[in-house]
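Spelled out, the chains give:
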Amino acid sequence: MSEMKIRLALAGNPNTGKSTLFNALTGLKQHTGNWPGKTVAHAEGEFSFHGKQYTLVDLPGTYSLYSNSADEEVARDYIIFQKPDVTIVVLDATAMERNMNLALQVLEMTSRVVICINLMDEAEKKGISVNENALSEKLGVPVVKISARNKKGFTKLLQEVEKMAILKENPAAFQIQYSAELEEKISELEPLVSDWLGESYPARWIALRLLDGDEELIQKLKNSIPEKLEKEADEHAVQSGLR
Ligand SMILES: Nc1nc2c(ncn2[C@@H]2O[C@H](COP(=O)(O)OP(=O)(O)OP(=O)(O)O)[C@@H](O)[C@H]2O)c(=O)[nH]1
Ligand SMILES: [Mg+2]
């Protein structure tokens with residue numbers, strides 16, 4: 001009997017050990033090293049866990065997911081257009097505050113997320129402790145500590161990934177609340193976005209990108225977006241001084 005493969009993506013800042021984790025799980029040899037920007041296009045590999053087949057995509061490391069660079073576009077487009085079953089956000093335990101920004105950006109795009117805190121061996125050496133339960137409660141998604149280089153924590157990580165992959169409903173994850181003014185614009189645009197694109201696109205996130213005047217994304221969605229929606233997005237952006 002052939003079962004559908006579960007599709008996973010690895011997202012995170014540069015140098016957080018995504019490719020190290022990718023290699024350890026898939027047995028492939030993506031280039032890793034201690035300098036940023038090594039993974040440029042996405043690499044794909046496979047593994048199985050608990051008798052299920054997984055496809056794992058190693059995305060380039062980025063500090064954000066707007067369209068500022070080719071790397072950001074690759075990572076962003078993969079999450080939005082390829083819709084992985086679960087996105088694993090890999091964070092550096094020794095730089096949690098900086099890394100959290102990317103995690104929150106991914107959570108705006110999808111709540112099918114497992115947060116993976118890597119480099120726990122480094123953190124322990126530096127006397128940094130991470131309260132993964134508090135973080136998980138706050139974010140509304142599982143948080144697992146690992147050390148990719150030492151292959152520690154993989155079972156727990158994959159158990160959480162498996163649970164997330166078979167969840168019927170998307171979890172109710174943490175959402176950033178913006179100013180009342182912006183929230184009002186979002187709530188006007190959101191239903192228009194979902195009317196047209198359906199439930200398979202993250203309406204709130206797309207509304208935000210429209211309000212931000214993300215031309216590159218607008219271009220990609222253009223074929224599917226009604227003129228009315230585009231015009232309203234433009235008007236809102238101009239009215240609210242966003243453009
Ligand atoms: N101490 C320690 N080092 C790690 C761990 N995981 C990865 N590293 C190291 O961190 C560096 C970056 O690892 P990569 O796997 O290349 O990081 P990446 O996230 O793929 O980087 P980009 O492709 O630039 O986004 C390498 O030198 C790894 O050996 C870990 O668990 N502990
Ligand atoms: Mg890499």
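Nothing here was measured: the structure is a model prediction, and the numbers come from that model. (Residues numbered from 1 in each chain as written. Chains lettered and ligands numbered in written order. Predicted model: local features only at pLDDT ≥ 70, side-chain atom pairs only at ≥ 80, totals over all residues. Heavy atoms only, no water.)

Looking now at the overall build of the chain. Broken down by element type, the chain carries ten helices and six strands. Put simply, the chain has 243 residues, and 51% of those count as buried. Pairs at least 24 residues apart make up 65% of the contacts formed inside the chain by residues separated by at least 6 positions. With the model as given, the accessible surface of the chain reaches about 12,200 Å², and the carbon-plus-sulfur share is 49%. (Helix = DSSP H or I, 4+ residues; strand = E, 2+ residues; numbered from the N terminus. Buried < 20%, exposed > 50% of the residue type's maximum accessible area, 1.4 Å probe, protein only. Contact = heavy atoms within 4.5 Å. Areas by Shrake-Rupley, 256 points an atom, 1.4 Å probe, with all protein chains shown as cover.)

A word on helix 6 (residues 154-166). The end-to-end C-alpha distance of helix 6, which contains 13 residues, comes to 18 Å, matching closely the 18 Å that a straight helix rising 1.5 Å per residue would cover. Every buried residue of helix 6 is accounted for by Phe154, Leu157, Leu158, Glu160, Val161, Glu162, Met164 and Ala165. (Expected span 1.5 Å × (residues − 1).)

Here we take up helix 8 (residues 203-211). Among the nine residues of helix 8, nine are classified as buried, and the element is accordingly described as predominantly covered. When helix 8 is considered as a whole, its buried residues turn out to be Ala203, Arg204, Trp205, Ile206, Ala207, Leu208, Arg209, Leu210 and Leu211. A positive phi of about 70 degrees marks Gly213, the residue just after helix 8.

Glancing now at the sheet that holds strand 6 (residues 143-145). The strands making up a sheet associate through hydrogen bonds between their backbones, and the pairing can be parallel or antiparallel. With mixed pairing, six strands are arranged side by side in an open sheet as 2-3-1-4-5-6. This sheet does not close on itself; its edge strands, each paired only once, are strand 2 (43-49) and strand 6. When strand polarity is set aside, the average angle formed by the axes of neighbouring strands in this sheet is 25 degrees. Inspection of the sheet shows strand 4 (residues 86-92) paired to strand 5 (residues 113-118) by six bridges, in the parallel sense. Residue pairing for strand 5: Asp92 is matched across the bridge by Asn118. Sitting on the sheet, helix 2 (residues 70-82) is in contact with strand 1 (6-12), strand 3 (52-58) and strand 4, with an inclination near 150 degrees to strand 1. (Pairing = 2+ DSSP bridges. Axes fitted to C-alpha atoms, helices over the stretch in contact; angles between N-to-C directions.)

This next bit is on the nonpolar core. Leu59, Val89, Val106, Ile115, Ile117 and Ile206 are the most contacted members of the largest nonpolar core, which totals 47 residues. If you look at the next biggest cluster of nonpolar residues, it comprises 25 residues, including Leu56, Val144, Phe154 and Leu157. (Core = buried A, V, L, I, M, F, W, Y, C linked by side-chain atoms within 4.5 Å.)

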